[in-house]
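Residue-level structural notes
This is what each chain is made of:
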Amino acid sequence: MIRNIKPKKILILGSGALQIGQAGEFDYSGSQAIKALKEDGIFTVLVNPNIATIQTSDHLADKVYFLPLNIFFVEQVIAKEKPDGILLGFGGQTALNVGVQLYEKGILEKYNVKVLGTQVEVIKDTEDRQLFSNRVAEVGLKVARSVTAGTVQEALDAADKIGYPVMCRVAYALGGLGSGIVQNKAELEEKTNRAFAFTNQVLIEECLYGWKEVEYEIVRDVHDNCITICSMENFDPMGIHTGDSIVVAPVQTLTAKENFNLRAIGIKLIRHLGIIGECNIQYALDPNSGDYRIIEVNARLSRSSALASKATGYPLAFVATKLALGYALNEVENIITKETSACFEPALDYITLKFPRWDLQKFEHVNKVLGTEMKSVGEVMAIGRSFEEVLQKAIRMLDVGMNGLVGNDIDFAELDKEITQPTDKRIFAIVQAIKSGYSIEKVHELSKVDNWFLHKLKNIIDLESKLKNYNLETLPIEVLRPAKQAGFSDKQIAGVIGSVAEAVRAKRKSLGVLPVVKQIDTLAAEYPAKTNYLYLTYNGRENDIVRSTEKQVIVLGSGPYRIGSSVEFDWCCVNSLMSLQKAGYKTIMINCNPETVSTDYDVSDQLYFEELSLEKILDIYEFQQPLGVVVSMGGQTPNNLALKLHNAGVKILGTTPEQIDNAESRHKFSQILDSLEIDQPEWKELTDIDSAKEFAQRVGYPVLVRPSYVLSGAAMSISYSEDDLELFLKKAVDLNKEYPVVISKFITKAREIEMDAVANNGELFCYAISEHLENAGVHSGDATLVFPPQKTYLETTRRLKVIAKEVAKALQITGPFNMQLIAKDNDIKVIECNLRASRSFPFVSKVLKINFIDIATRLMMGESVPKLSRSSFDLDYVGVKASQFSFTRLKGSDPVTRVEMSSTGEVACLGDNLNEAFLKSVISTGFNVEPKSVLLSIGSLDKKTAFLEEAKILQTMGVKIYATTGTGAFLKENNIEAEVLEWNLENGQPNVMSHLSDKKIDLVIGIPSNTEKAGLSNGYLARRKAIDQNISLITNLEFARRYVKAISKFKMSDLKIKSWDEYL
Amino acid sequence: MPGAKLVLKDGSEFEGFSFGSETSMAGEVVFNTGMVGYPETMTDPSYRGQILVLTYPLVGNYGVPGDANPEELFKNFESDKIQIQGLIVSEQCEGFSHWSAKQSLSDWMKKNNIPGIFGVDTRELTKKLRSSGTMLGKIVVENTTIDFEDPNLRNLAAEVSVKEPVRYGAGEKTVIVVDCGVKNNIIRSFVNRGISVLRVPWNYNFLEEKADGILISNGPGDPKMCTDTIANVRSALAGNRSILGICLGSQILSLAAGANTYKLKYGHRGQNQPCVEMGTKKCFITSQNHGFAVDTKTLPQDWREWFTNDNDGTNEGIIHISKPFFGAQFHPEGAPGPDDSEFIFDMFIRTL
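The structure presented is a predicted model; accordingly, all values stated were derived computationally and were not measured. (Residues numbered from 1 in each chain as written. Chains lettered and ligands numbered in written order. Predicted model: local features only at pLDDT ≥ 70, side-chain atom pairs only at ≥ 80, totals over all residues. Heavy atoms only, no water.)

What about the overall build of chain A?
Within chain A, the regular secondary structure consists of 35 helices and 38 strands. Since a compact globule built from 1064 residues should have a radius of gyration of about 31 Å, the 28 Å found for chain A is in line with a globular shape. Per-residue burial over chain A gives 68% buried out of 1064 residues. Of the contacts made within chain A by residues no fewer than 6 positions apart, 71% connect residues no fewer than 24 positions apart. Distance between charge centres in chain A, computed from 121 positive and 135 negative side chains, equals 2 Å. (Helix = DSSP H or I, 4+ residues; strand = E, 2+ residues; numbered from the N terminus. Rg over C-alpha atoms; globule rule 2.2 N^0.38 Å. Buried < 20%, exposed > 50% of the residue type's maximum accessible area, 1.4 Å probe, protein only. Contact = heavy atoms within 4.5 Å. Lys, Arg positive; Asp, Glu negative; His and termini not counted. Charge placed at Lys NZ, Arg CZ, Asp CG, Glu CD.)

Notes on the pattern of salt bridges
Residue and element names in this part refer to chain A. By the definition in use, this model includes 87 salt bridges over all chains. With a closest N to O distance of 3.9 Å, Lys124 and Glu121 form a salt bridge. Within this pair, Lys124 and its partner Glu121 are both found in helix α5 (residues 120–127), separated by three residues, close to a single helical turn. Judged by its relative accessible area of 16%, Lys124 falls in the buried class. Relative accessible area serves as the criterion here: at 41%, Glu121 is assigned to the partly exposed category. Two residues, Asp619 and Arg505, come together in a salt bridge whose shortest N-O distance is 3.0 Å. Taken together, the positions of Asp619 in helix α21 (residues 614–624) and Arg505 in helix α19 (residues 501–510) put the pair 114 residues apart, joining distant regions of the chain. Like Asp619, the residue Arg505 is buried in the burial classification. Salt bridges sharing common partners tie together Lys484, Asp490, Arg505, Arg508, Lys509, Glu615, Asp619 and Glu622. (Salt bridge = Lys/Arg side-chain N within 4 Å of Asp/Glu carboxyl O.)

Some details on the interface of chain A and chain B
On the chain B side, the residues contacting the 62 residues of chain A number 55 residues. A combined buried area of about 4600 Å² lies between chain A and chain B, and 46% of that area is made up of carbon and sulfur atoms. Of all residues in chain A, Arg385(A), Glu526(A) and Arg541(A) bury the most surface against chain B, accounting for 15% of the area lost on that side. For the interface between chain A and chain B, the tally reads ten salt bridges. Here Glu91(B) ties to Lys456(A) by a salt bridge, and the two come within 2.4 Å at their closest N and O atoms. Counting the contacts that link chain A with chain B gives 31 residue pairs in polar contact (both at pLDDT 80 or more). When contributions to the side of chain A that touches chain B are tallied by element, the ones reaching two or more residues are β11 (226–234), α9 (256–273), α12 (387–397), α16 (451–467) and β17 (516–519) of chain A. For the side of chain A that touches chain B, the leading source of residues is α9(A), giving eight residues. (Buried area = accessible area lost by both parts, 1.4 Å probe. Polar contact = N/O pair within 3.5 Å; in protein donor to acceptor, adjacent residues only side chain to side chain.)

Quick word on the nonpolar core
Among the nonpolar cores identified, the biggest contains 201 residues, and Phe355(A), Phe387(A), Leu391(A), Leu457(A), Met633(A) and Leu6(B) are the most heavily contacted of them. For this core, the element with the highest residue contribution is α16(A), accounting for eight residues. Structurally, this core is a two-domain feature, drawing no fewer than three residues from each of domain 1 (3–152) and domain 2 (156–350) of chain B. Excluding its chain neighbours within four sequence positions, the residues that come into contact with Met633(A) are Val555(A), Phe569(A), Cys572(A), Cys573(A), Ser576(A), Pro816(A), Ala837(A), Ile853(A), Ala856(A), Thr857(A) and Met860(A). (Core = buried A, V, L, I, M, F, W, Y, C linked by side-chain atoms within 4.5 Å. Domains from an automatic or database assignment.)

Here we look at helix α22 (residues 636–647) of chain A
Residues and elements named next belong to chain A. Taken together, the buried positions of α22 are occupied by Gln636, Thr637, Pro638, Asn639, Leu641, Ala642 and Leu645. Residues of α22 that are buried make contact with β19 (552–556), α21, α23 (657–664) and β31 (827–834). Phi for Gly649, located one or two positions after α22, is positive at around 95°.

So, the packing of helix α1 (residues 25–39) of chain A against helix α10 (residues 303–312) of chain A
All names here are of chain A. It is the contact of α1 with α10, at a shortest axis distance of 9 Å, that shows an interaxial angle of 70°. It follows that α1 is roughly perpendicular to α10 by the angle criterion. Residues Glu25, Phe26 and Tyr28 of α1 form the contact with α10, whose own contacting residues are Arg303, Ala306, Ser309 and Lys310. When its residues are assigned to classes, the contact of α1 with α10 shows three nonpolar, one polar and three charged. (Axes fitted to C-alpha atoms, helices over the stretch in contact; angles between N-to-C directions. Parallel < 35°, antiparallel > 145°, perpendicular 65-115°, else oblique. Nonpolar A, V, L, I, M, F, W, Y, C, P; charged D, E, K, R; others polar.)

Some thoughts on the domain arrangement of chain B
Residues and elements named next belong to chain B. Each assigned domain of chain B is listed here: domain 1 (3–152) and domain 2 (156–350). Centre-to-centre, using C-alpha coordinates, domain 1 lies 26 Å away from domain 2. Taken together, the 33 residues of domain 1 in the interface contact 29 residues of domain 2. Of all residues in domain 1, Arg48, Leu73 and Glu78 bury the most surface against domain 2, accounting for 28% of the area lost on that side. Counting across the interface, domain 1 meets domain 2 through three salt bridges. One salt bridge connects Glu28 with Lys263, and the closest N-O pair in it is separated by 2.6 Å. Split by residue class, the side of domain 1 that touches domain 2 holds eleven nonpolar, 15 polar and seven charged.

Let's talk about the UniProt feature "active site" (unreviewed entry) in chain B
Residues and elements named next belong to chain B. In this structure's numbering, the residues bearing the UniProt feature "active site" (unreviewed entry) are Cys247, His331 and Glu333. Taking the farthest pair of C-alpha atoms as the criterion, the annotated set spanning 87 residues converges on one region, since that pair is 11.0 Å apart. With respect to the element layout, Cys247 can be found in the loop between β16 (242–246) and α7 (248–257). Looking at Cys247, the relative accessible area reads 2%, which means it is buried. Once you skip the residues sitting within four places of it in the chain, Cys247 turns out to touch Asn218, Asn289, His290, Ala328, Gln329, Phe330 and His331. Checked against the element boundaries, Glu333 lands in the loop between β21 (325–328) and α8 (343–350). (UniProt positions renumbered as here; feature names shortened; annotations may be inferred.)

Thoughts on the sheet that holds strand β9 (residues 202–206) of chain A
Residues and elements named next belong to chain A. Taken in spatial order, the four strands of this open sheet run β6-β9-β7-β8, and their pairing is antiparallel. The outermost strands of the open sheet, each flanked by one partner alone, are β6 (146–149) and β8 (180–182). When the angles between neighbouring strand axes are averaged without regard to direction, this sheet yields 30°. On the sheet, helix α6 (residues 129–138) packs against β6, β7 (166–170) and β9 and is oriented at approximately 150° with respect to β6. (Pairing = 2+ DSSP bridges.)

Some words on the side chain of Ser598(A)
Residue and element names in this part refer to chain A. Looking at the element boundaries, Ser598 is found in the loop between β20 (586–591) and β21 (606–609). Judged by its relative accessible area of 0%, Ser598 is buried. A polar atom in the side chain of Ser598 sits 2.5 Å from the side chain of Asp570. Looking at Ser598, its side chain comes within polar contact range of the side chain of Asn591, at 3.1 Å.

Section: the environment of Gly20(B)
Residues and elements named next belong to chain B. With respect to the helices, strands and loops of the structure, Gly20 is situated in strand β2 (residues 13–20). As for Gly20 and Lys110, which are separated by 90 residues in sequence, their C-alpha atoms are 4.5 Å apart. Beyond its immediate chain neighbours, meaning those up to four positions away, Gly20 contacts Ser106, Met109, Lys110 and Ile114.

Side note on the pairing of strand β20 (residues 315–320) of chain B
Residue and element names in this part refer to chain B. Across the six residues that make up β20, a large majority, five, are buried. Inspection of the sheet shows strand β19 (residues 303–309) paired to β20 by five bridges, in the antiparallel sense. The partner of Phe307 across the bridge, within β20, is Gly317. In this structure, the hairpin formed by β19 and β20 is closed by a connection of five residues, where Gly313 is found at a positive phi of approximately 80°.

This is the structure:
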């Protein structure tokens, strides 16, 4: 039918930068969609400013636009490309919202663009709470009792009618932003006040706290075939956002009747709504009667659908795309089995568990209690054949230093509070409670977690106590095997019985306690499957596969997305896999992150969905016997394993592990730099506070303090005074006992530079230099990156190249590496060097159009690569990478950039010059670039002076300037008119807080002084207010100056709509 | 925990631990890929004589419900007792949890004298059954001995059928349910739609009974063993009264019409079997439990293939070109399973 008039050109909207509530899962879904369209010979156009994604690679979409995802830009892309169809369901809430606006403004109609799959009217039915409730009622199904409110007063009236506590939900919100349980009138008033800054509608509904939360993924074709692909059940019941819940698939505690009843309800509703393609339905299920409420339907691919896809092996996004094109479900092949149809519901013969990864400790003042607003930044998924096994695996996969459910160094003072007001550590509090004698019933009462799960936790705890009766010699197989079957790691067992991991490993191998390799085949072994999707389990006796005799290479993935390690490393892994395959190797991927493309069924020859731990990698290595392992693509997690793997006899490909250690160890690296006569900021490694103070005194404050193994600036900080230093050290030294703390002289007003490069046998092969827009002091992951550099002196770049050459030679580098340097005048100092791919590899590779990962991989495999003819000097355009922050979601967090990384994602756009590229990038992260009013609050005098020129520009542009008292006085002295605002209500009117509340201010430039004390300062309160009111906020001086210059030169309409390939 | 093992006819052994009743038991070993519904599945009379392997590794999570009135049709089970010979699982759950649960899976099996083994690599076992075909096997607890026994040599339908006719419901119209091992939910499906049911033994001559339609039920074993039922259905086909066959009933209907049936290598047992309605793009997810199938090539002139299995192309239903005679190889009543094909009951009832 529709296929006969199949579109020829389709526009796909991506999801932009990764942020809390919308992460890497949409790279997976978009990439799948593009592949599915290409298979049908359709020309694909993609708009997505997230340059680190796979979907924006040259081998996928035919045309890529690194442009902001809003209707202003998308309309222009439509006008230029004239697609005949558009896909809205593959770019998360962002794409969906843009799609709805395009439709409502008549733009789709104007350009005759057909929405494929679920139609916009249907999307609106699912997004608008009242419309949704009505549609559900039409078919006699049940939603939570709810009333829509358009004002604060209406919300209060509604709550009175329903009765407190109520759930307050915000329409059109990413991951439930602003939603939550409200206990009383005052709370509701405050919450709705804030919500109406984002939306014009909130929903007040009956509170279902403590009900089971379950989800189903449903697909439907134009022929009305409708099936459910996967069921999922939350460990944490209603009340905690599903993105922050531990989730198992399939459902575990539902009877067949409950399960098939919910399935039937879902299908009935989805048919009634008229969804075509994929969607997700969430239910609350009464744990005491089986009664249900429909919570919501997401008429698009979602985090849950990515999880379901990886949990079942069913390629949901691929199939959804085919259905959007008009295929019938049974016309789509089951790509996993290659033998059966896509019209079936996967049968699992294993259990999967998703565990969220939080990074809350990286934020100051943040509220850590979990609720209905999502706070996690990533997730892992474990596969196994018992709940105990997947739970313990998943906890280790998080890479937060936990050994499993038990055997951790963690202690809670207020157990009941930890359990009733859950934070990211609740499950460990439950363990402590059970150990200290709480009954299952008592824990259930406090947590509402189903007893089935709690019994399972107790099984693990009981096994631990059993283990305690033995030492290595006496540990019998009758205890060892059940422990392994319950997911205990060798290290964890060693910790309990007073041994070491290597010894436990040797013992269990001698007893024949080995994991087996099982396949995920979507059909529980009913039909033979040609699947490459694997996991390890101790709950089995037979390997599903035999070892391949072909040349194989293992690539280690990056694990869960977190602050500091995100989709960019997945891009590196996927590109490395592709290069290996092209070179004729069979590839084996190990990763545990369901949001990635690297864990897709068609990316590697074999995928192990497993822990990135020494134990599991060795198990796989010993089973597969590959040529070697690539550790340099997945970021710091695999990099940290290099030496341990090497010592266990694993062949590491590329730069040797000893050299990796030479670069990682500050001492060794420093000696190497000294011997090369390369400068570095003065530093010292210290283990006690007194010698730290002494050192800082000597080199002079400020100093930079950090642990020797650094990940995303964890525990890194600048101390401006001895008080600062002492306060901070107490936190940092405690953080990592294995490695001492390093203190170095912090160089102010210096330029920070990134060098991404590839070397071969110690010879520099290719490199890219990018500069930070911000001065040193902002973490490189939060900084705005400019490539090619616009401000760095030629002399400096020349010198940088020489340094890179010398370092490459000294460390005998083969493969990717990254250096961070500081330049002040022409004086260069090396800050650090990582012998692995870095966060900026996809950025420089795509801007330069030279794939550094491909080159690195080929060189690591000993292939010859022809010399490059192109360099960054040839570029007639500029790329700017900007960071995306998720402060809005992290209630209370101080939205200011520091040496500690806090961004959750990034975008990068191209422009004919710096200003144009900069503006496109910052618009992509949500900045308002046509402000009518601005609030200036600039910390110290030198910063005020430095900003003077820009303040004048703002005045010339006719922007209404508000200023805080000090800044206002300074501006006045310099003949700039500004309306002075008092800080707060107590100081009288007009004041900052009320102006922000009333949204009289479009932009806040609030640059804290170095001496601003931690705590609830006025500056913090204003910054926080701006974020809560969705007002653009700038906290860095250089960024602010660039911003003002750029908006004075370009209006939105001046920004060019050019695709990636048009930048030559 | 006492050890137990499953011994297959080919000599292979699967060791594990005993749960349920500590007795040895022989039967035909089959696997089911459903992820929920063990109480329904284990009480399904079609499993008579079979040792059941569940591919989903965690079994017993929500315990076993009680049943209020044992005098009436059980609400939570598909017949009045556990029908399987034994159960093989990877893990059986002691710490069950559900508001409707009255006992653990193990206790329930103990009461019914049914043995089980847990700790088995059920995926390995399933792959073996898939590649070698359904096999005879026995559960051996500790050091007892027991012989293999082929249940298909017995008339299993006769074993599970009611001995005397029973009536259910008080609707105006009546359907005769020929009980070759009928699942309770087939009877419920009629009663809930306001249709009376006259449940008769498998070999009962129902031709003279006053009723508006005839349902030939599901049941265990080889359809060719049900010679009396086939003969009765053949006579019924001469008339115009509506006939619906479900599962074994569909095979009996085919045999009565003159077609042939054969044994599948390892059968279809699960809740996710895709069935396509011939000549349409309609695909239904169905619950299935059968080891035999209709040979479509042998269908007589006036019969057509109605559904086929989208995975392996085998027959999933037959339909007469002019009379209200239909057979569904799958279970439109689900229990456990999806309700996608429930419309077959509505369609059948409309012809009454």
